[in-house]
Structure formats: C-alpha cells, structure tokens
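Structure at a glance
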Amino acid sequence: MQFHLNGFKGSGDPLQLLHAGEQEPDFQSSLPEEVDVLIIGAGPAGQLLGTQLSRFPDITTRIVESKPARLEQGQADGLQCRTIEIFEAFGFSERVLKEAYWVNETTFWSPTEDGKGLRRTGRIRDTEEGLSEFPHVILNQARLHDLWLDAMKGSATRLEPSYSRQMSSMTIPEEGPVEVEIERVDEAHKGQKETVRAKYVVGCDGARSGVRRAMGYEMKGDFANQAWGVMDALVVTDFPDLRLKTAIHSANEGSILIIPREGGYLARFYIEMDKLNPDERIASKNVTAESLIDTAKRIFHPFTFDVRHIAYWSVYEVGQRLTDHFDDVPKAERMQRNPRVFIAGDACHTHSAKAGQGMNVSMNDAYNLGWKIASVLHGTADPKLLHTYNDERQGIAKLLIDFDRKISKLFAAKPKGKDGTDDKDGIDPAVFQEYFEQQGRFMAGVATKYHPGLLTSSDISYQDLAKGFEIGTRFQSCQVLRLADAKPVQLGHVMDADGRWRLVLFGSKADPLSPSSPLHKTCEFLSNTLIPKYTPAKADIDSVLDVRAVLQQSRKNISISDLPGILLPRKGVFGIQDYEKVFTDETSYGYGFGEIFKNRGIDAEKGPDQYVPAVVPLGEEGHGMLEAFFGGFMKAQKRENGVNGHV
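Residues numbered from 1 in each chain as written. Predicted model: local features only at pLDDT ≥ 70, side-chain atom pairs only at ≥ 80, totals over all residues. Heavy atoms only, no water.

- Named according to an unreviewed UniProt entry, the protein is Phenol 2-monooxygenase originating from Friedmanniomyces endolithicus.
- Under the UniProt heading Cofactor (unreviewed entry), the note attached to the protein is "FAD".
- Within the UniProt record for the protein, the comment given under Sequence similarities (unreviewed entry) is "Belongs to the PheA/TfdB FAD monooxygenase family." (UniProt positions renumbered as here; feature names shortened; annotations may be inferred.)

What follows is the structure in structure tokens.
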C-alpha cells in the first residue's frame, strides 16, 4: 500500500484515512435532502457499493437500512476465490483469510452396496491448481458486514448505514433527481418521513425489493417444490469428514451438505426435507429444530450425530428467480436516456444456497456498478457507460440461475443403485462428483466472461499476445518483482478499488531505455496524447489512467530514473515521484519466481473492476486501438490555452 504522499500522516493504521471535516459526520439523526447516490439496503451488495463510493469525498452517498443496527447473525457464509481477490482490492483480504475456514477438499459419500450404510466415494481438491492466489473460504456474513463497516469508517467520508429506515415510495421523473420517500421504523421516530432527491438510486434491498417494484419489474421463475433446512451447530459424531466440505447422499432419507465453519468447531448442515406438493409452502409444515435434527440423524446413520448446541437454524424453499432488467431504462428507450436507478444482488436474482453463489454474485454486481457511477459523477465518463451494468451482469445472473437449477436437482436426487434401476430421477454418485469438478471454475467465481460491448473489445486480433489474459475475463494476478526495491508483489494486488483504469505494458526484449523501443514509444503516446486528454487539470497524472509496466530485463541492468517519465510520475502537492509503477519478471529473494511472461502473456490492458477489456500491441497500431477504445465512453477534459496541466 502507499501513503504519506501529501505529508506524514502519523503512525496509525494507514488504511484509516483522516477525516477532512471539523467533526465526525452524523449518519443517524437525519438524511440530507439531496445526495449523489442513495443505496437502499445494507446487505453485502449495498455495503460493497457504499465502501467503494465512500472513497470519494466529493461524492455524497447514503445507505438506508431497515434493521436497527449492524447484522448479528448472517445466513450466507461461502466466499469464492474471486471474492477474496475483490477484498484484496479493498485492503482486508488478510483479515478474512486469518479468521475464515479454508475449503481445501470436498468429499462425497453415498450408500453402501447393501443400502444400509454410507461410504466415501470421492475426495477432490476444492479449487484447481493455479486458479487464483486465494482459496475458497467460509466466514459468517455478519462478520463480513463488520469488515465492510470498518472499511467504510476508515474512508475519508466516514460513511455508515443510516439504520431503522425503509423506502416507502420512489418517483422517477423523466429527467432530474429521483425522489425517494424514506420512513423511519424505530420506536422513537416511528412513522416520520424523510424525502431524499438522488442523482442515482441503487436497490440492494433483497428478494422483496421495493426499488424493483417501483421500477415495475417482477421476479420470474418458480420454486422446485423442494425444501431444505439449514443449521449451524456444535455436534459430537463419529463421522470422519466433519471438518471437510462434504456432500452426503443417503439411500432413502435424503441428502446433507456439510460446510465447516470458521473457528474449528462449528459446522453448517444443509438438510434435505420432504418434497412439497405443487400448492404447498414450507411455512405450513411447522418445521422445528428438533425435526431437522431427527432428519439429519437418519441421513447420517449408522454414524452418530449428537447435537450439543444450535447457533442458528432455518428452513427455505429452493427456487430460481430472475428479473429481466437491472436498471430503469427499458431496452427500447436506451438510445433516448441513461439509467438512474439500478438493482443488485437478491433484488434481481435469487437461488439456493448450496453452491455458495448468492452473496458472491451480489458483491460482484456492486463491484461492477460502483466505479461506473463514480466515473460518471466525476465527469470522466459519458453516462451511457451505465448501460453496461445491465448488459454485463444480467447475463451472468442468467448463467447462475441455470447452474443453480441443475446443481439443486443433483443434490436432491436419490443415488442410483449399482444396477442403475432404483429411481428414474436418481443420480450416479460418480456423475454428481464429475459435474461438481467440471463446475469448479464457475463456483470459484472466475468463469465470468463478458461479451463484446462498450467496455469489452470485439477485436481479438492480438489475443495471442496474451493468451493468459482472455478478453472479457478477470485479470488473473501473478507474482512480479518491483524494480525500485526488489520486493515480490502480486501484480493484481497493486490495483486497488479506486475506480482508475490500469494500462499494463508488457515490454518486449528491446531495450526499454531506448527511445526507439515499442515500450518507450507507447509511454510517450500515453504521456503526450491519451492521458492528458482524459485527466482533469488539477488531478494527479495517474488519477484516471494508471500505467504500469512489466519488463523482461533484470532490474540490475535498468536505472528507474532513465525510464519514460510516465513510469516515474510526480504526484501530490509536493510533486513526489511514484517508484511503484515498474516491475520485472525475475526470481525473488526467498519468495519464488512468478514467470508472468511464461504463464500469462506479453501485452494486456486492464479495467477498473479487474476485467480485461482489450489486448493491444505496443507501438503505433496499439495507440490507435487505445484511442478508439477509450473514445467510446470517456469524456475529454476541459483545456485552457490548448492544455489541461498535464502536458
């Protein structure tokens, strides 16, 4: 991390930014009449979005939440590899990894041949080799909420949710601010109304979203007539795989999925209940904790299952539902106006919990949207950019629904006997395990690929230059060595969630110090043409387009002060040089060798939510491709006397 740019800020936690105001802001007493962004709901999506926007002191953001205070007991707990990568961009991945349970292996149990017992039929690595530098982990949603709250409180704006408030109505005029009426629900202020006018409203308010209803959208889909119980418990058992993620299919009593919890003792059990009739709902079944335990005991038989303490339990119906649009502008009107109201997370897609996707996809929704809203509010991007949120995320949600529908069916299916004749809807245990392995990348959150559009180039002419950075997919990190101080770093970890574009230049074998080298020429083009065009006059030179370089040559043969100035830019009020822009591909002292050129590619350009929008060559042809790409949605900045302070 980098700090002290504009002067020494003391010896406290560098992630806790200093508040610029005279006193800490009050987010509970009242809401402002006008805001830039109003977020409805402080679940995982709302908190991520709030955290990202809290990093911009010039953007007024508020989050309203109907609960009276912080979440004390969460329902979700699985965190994909991709999600931990996002946490790294916000600065708290280490805290998650230290506390969480790491899902290293998954085991599969099926009936014995006589159908009277259980046997382990498979054991697989949970996440394939080289998929991410981070593992798949388990951490309670309430604890994750606290980490987001800490991150918001550590921002210059000190943002926090405004509790005990719910949206009662919303008016979306043809132009101008969206008007939202907020009702207070705490006893001291019950029934009091507040009216907020917002440039943008984001509904992160769950499956019963009032924002979605106000836009006139509905969830489409159905329930699978299948109920499941979920229980966090301390148990005593002779079942050997309690501390492994485990899928159990019994012969006749149903299925269980075991998810070990953080802390070493607690475990979560997803317990299959009886099928529901088409017109039946789980609420009518009067399920109790004791009935869940009895069902679990029958599934675990002949192993013992003695529940000593229950921390949480619930029941739910399996269903897959999706709304067909994620913003307030119907497709037929998108050429006439730009979105101002959005929905994210459970407000637009709901599904089962067993694949651990919901909280993760919800946060990815918000991560995709946050930097786009900030760019538009800052005036560096055209508002049409906001259409890409629906374009990119609605298709991903559809894939999620299709995946969840199939895996839920497989979980609930009875295992076939050795002769395969037991049940026409039964599943061969080997087929279940094979599907689980095949979908590993999807369940890790790294299978997302955005289709060509405003932010994803359709030109794949130079994809071969960077086969490991496939256009439309997330930028996969790799270890490199920092030129200035020989420190081994993950390249992806220098790309914070600050809304900046990253242009990563992978140098050729030509001497990067030579003015005739492709790297040098590209740096001159960026310094003299592209960056000045899109960078506000009083902003740091890397505030919009942040250039990084990875060189093939050894650091021992390169003087950083001889490289192009864009790779050693002067920043801040004192014009201090930034020495952390350039890396080399060589072995480190004691931390191995990333071999990024071997494992990834030659030339890649990276976007703000860590997806690769284009691969272009160094040199003049690449210059034109960059101009065309950024010219599609970026706003040229105001100039005085032909310049804007950056040339």
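Next comes the rest of the write-up.
1. Concerning the pairing of strand 18 (residues 479–482)
- Where strand 18 lies against strand 19 (residues 488–490), three bridges are found, and the strand directions are antiparallel. What sits directly across from Leu 481, in strand 19, is Pro 488.
- Bridging between strand 18 and strand 24 (residues 582–584) involves two bridges; their strand directions are antiparallel. Paired with Leu 481 across the bridge in strand 24 is Thr 584. (Pairing = 2+ DSSP bridges. Helix = DSSP H or I, 4+ residues; strand = E, 2+ residues; numbered from the N terminus.)

2. With respect to the packing of aromatic side chains
- For the structure shown, the criterion picks out 34 aromatic pairs.
- Ring geometry for Phe 108 and Phe 432: centres 5.8 Å apart, planes at 80°, overall edge-to-face. In this pair, Phe 108 sits in strand 5 (residues 105–111) while Phe 432 sits in helix 9 (residues 429–438), placing the two residues 324 residues apart along the sequence. We note that Phe 108, like Phe 432, is buried.
- Their ring planes at 75° and their centres at 6.3 Å tell us that Phe 269 and Phe 300 sit as a pair that is edge-to-face. Here Phe 269 is found in strand 14 (residues 267–275), whereas its partner Phe 300 is found in helix 6 (residues 289–300), with 31 residues between them in sequence. You'll find Phe 269 and Phe 300 in the same group, each marked buried. (Phe/Tyr/Trp six-rings, centres within 6.5 Å; stacked < 30°, edge-to-face > 60°. Buried < 20%, exposed > 50% of the residue type's maximum accessible area, 1.4 Å probe, protein only.)

3. A word on a nonpolar patch on the surface
- The grouping of Met 1, Phe 3 and Leu 15 at the surface amounts to a nonpolar patch, some 320 Å² of accessible area in total.
- Among the secondary structure elements, Phe 3 is positioned in the segment before strand 1 (34–40). (Patch = residues over 30% accessible without salt bridge, like charges linked within 9 Å, V, L, I, M, F, W, Y side chains within 5 Å. Areas by Shrake-Rupley, 256 points an atom, 1.4 Å probe, with all protein chains shown as cover. Salt bridge = Lys/Arg side-chain N within 4 Å of Asp/Glu carboxyl O.)

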